[in-house]
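# Structure at a glance
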Amino acid sequence: VSSDASNMERLNRWYCAIDMFKERPIFGWGPGVYQFVYAPFQRSSLNTIISTNSADQGNAHSEYLGPLAEQGLPGMILMLVLVYMVSALAFRLYFSVGDPEIRLLVVGTYIGLVTYFTHGLINNYLDTDKASIPFWGFIAVLVAIDIYHKKDLSQLAAE
């Protein structure tokens, strides 16, 4: 890890996010401002050729530490609640949907989200359209299946 500038910079950004949280744990520094305020929190031992003090680029490189620094503890809790709620929805759908093709769609969609939730520990891309569109799209697929399935169950109950 310590031989690669990219990995060292990632550690630098993580430590900055944690130190930013320590300074403002309740409400954080504000949404989307990490890149503008993290520079003073950098540790000189972790600075790399990629490091910058000009406050013009960068993020926390974590879908969990970013909200922690920017929105404080409520931001981190909201991210964890999102992960939990999506997981609970996917598991409920898997066990309640009878159609095997729809169950396969639920599993595939959820596995896609799990890979992002896991990858989110070490990087973040939800601030880019290339990642946020499939991320929120996969969640929308699960919600749409849930809505359709509930409608389907209510029609069966009416018959």
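You'll find the structure just up there.
Structural notes, computed from the coordinates. (Residues numbered from 1 in each chain as written. Predicted model: local features only at pLDDT ≥ 70, side-chain atom pairs only at ≥ 80, totals over all residues. Heavy atoms only, no water.)

All right, on to the nonpolar core then. Counting 31 residues, the largest nonpolar core has Met20, Tyr34, Leu93, Leu113, Phe117 and Leu142 as the members making the most contacts within it. Those elements that provide at least two residues to this core are α1 (5–23), α3 (65–96), α4 (100–119) and α5 (129–158). Looking at this core element by element, the count peaks at 10 residues for α3. Among all residues touching leucine 142, those that are not within four sequence positions of it are Val86, Leu89, Ala90, Leu93, Val106, Thr109 and Leu113. (Core = buried A, V, L, I, M, F, W, Y, C linked by side-chain atoms within 4.5 Å. Buried < 20%, exposed > 50% of the residue type's maximum accessible area, 1.4 Å probe, protein only. Helix = DSSP H or I, 4+ residues; strand = E, 2+ residues; numbered from the N terminus. Contact = heavy atoms within 4.5 Å.)

Another point: α4. With 20 residues, α4 should reach 28 Å at 1.5 Å per residue; the first-to-last C-alpha distance of 28 Å fits that figure. Residues of α4 that are buried include every one of Val106, Thr109, Tyr110, Gly112, Leu113, Tyr116 and Phe117, and no others. Buried residues of α4, viewed axially, fall in a sector of 155°; they line one side. When the buried face of α4 is taken as reference, the exposed residues oriented beyond 90 degrees from it are Pro100, Glu101 and Leu104. Backbone nitrogen of glutamate 101 and a side-chain oxygen of the N-cap are separated by 3.0 Å at the start of α4; the cap is aspartate 99. (Expected span 1.5 Å × (residues − 1). Arc of directions from axis to C-beta. Polar contact = N/O pair within 3.5 Å; in protein donor to acceptor, adjacent residues only side chain to side chain.)

So, on to the environment of isoleucine 102. Among the structural elements, isoleucine 102 can be located in helix α4. Classification of isoleucine 102 as partly exposed rests on a relative accessible area of 29%. Between the C-alpha atom of isoleucine 102 and that of histidine 149, which follows or precedes it by 47 residues, the distance is 9.8 Å. For isoleucine 102, the contacting residues outside a window of four places in its chain are Val97 and Ile145.

As for its position among the elements, arginine 92 is in helix α3. For the pair arginine 92 and valine 106, spaced 14 residues apart in sequence, the C-alpha separation works out to 10.0 Å. Setting aside chain neighbours within four positions, we find arginine 92 in contact with Asp146 and Lys150.

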